[in-house]
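The residues making up each chain are set out below.
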Amino acid sequence: MPKFVFVYHGGGKPESPEEGQKVMAAWMSWMEGLGSAIVDGGAPVGLSKTVFSDRVEDNGGANPTSGYTIVQADDFDAAVKMAQGCPILEGAQGTVEVAECMEM
């Protein structure tokens, strides 16, 4: 069964501990709904640097990627359908990029 990576963009840091608990509960509920399709639950990611052949650039305190998850799905459409339930999409906070992990 093919694997797909969900790359999260955007979102934000909760403004209070109560909001943080609500956000975490939404993510846990969504991930529980994905069940055994989750290969790697992933994690949020911090600041990043871009490495070129001749230099390394600091991304100025911003990172276009805010986290990732790896899932298994029958096909691309099934993976997209899974991603459509992601809590980061609520309130137009962010997006989910879906890409197939290519077999090597």
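The notes below deal with the structure included here.

Rules behind the numbers
Residues numbered from 1 in each chain as written. Predicted model: local features only at pLDDT ≥ 70, side-chain atom pairs only at ≥ 80, totals over all residues. Heavy atoms only, no water. Helix = DSSP H or I, 4+ residues; strand = E, 2+ residues; numbered from the N terminus. Areas by Shrake-Rupley, 256 points an atom, 1.4 Å probe, with all protein chains shown as cover. Lys, Arg positive; Asp, Glu negative; His and termini not counted. Charge placed at Lys NZ, Arg CZ, Asp CG, Glu CD. Pairing = 2+ DSSP bridges. Axes fitted to C-alpha atoms, helices over the stretch in contact; angles between N-to-C directions.

Some remarks on the overall build of the protein
Scanning the protein from N- to C-terminus turns up 2 helices and 6 strands. The linear arrangement of helices and strands in the protein, starting from the amino end, is β-α-β-β-β-β-α-β. Principal-axis analysis of the C-alpha atoms gives the protein an extent of 45 × 40 × 20 Å. Carbon and sulfur atoms make up 55% of the accessible area of the protein, which totals about 7,000 Å². Taking the 6 positively charged and 15 negatively charged side chains of the protein as two groups, their mean positions are separated by 5 Å.

Focus on the sheet that holds strand β6 (residues 94-101)
The 4 strands are arranged β2-β5-β1-β6 in an open sheet whose pairing can be described as antiparallel. The strands lining the two open edges of the sheet, one partner per strand, are β2 (38-44) and β6. For this sheet, the mean angle separating the axes of adjacent strands, direction not counted, is 15°. Pairing between strand β1 (residues 3-10) and strand β5 (residues 67-72): 6 bridges, direction antiparallel.

A word on the environment of Ser66
Relative to the helices and strands, Ser66 resides in the loop between β4 (56-58) and β5. As a C-alpha pair, Ser66 and Val7 span 59 residues in sequence and 7.6 Å in three-dimensional space.

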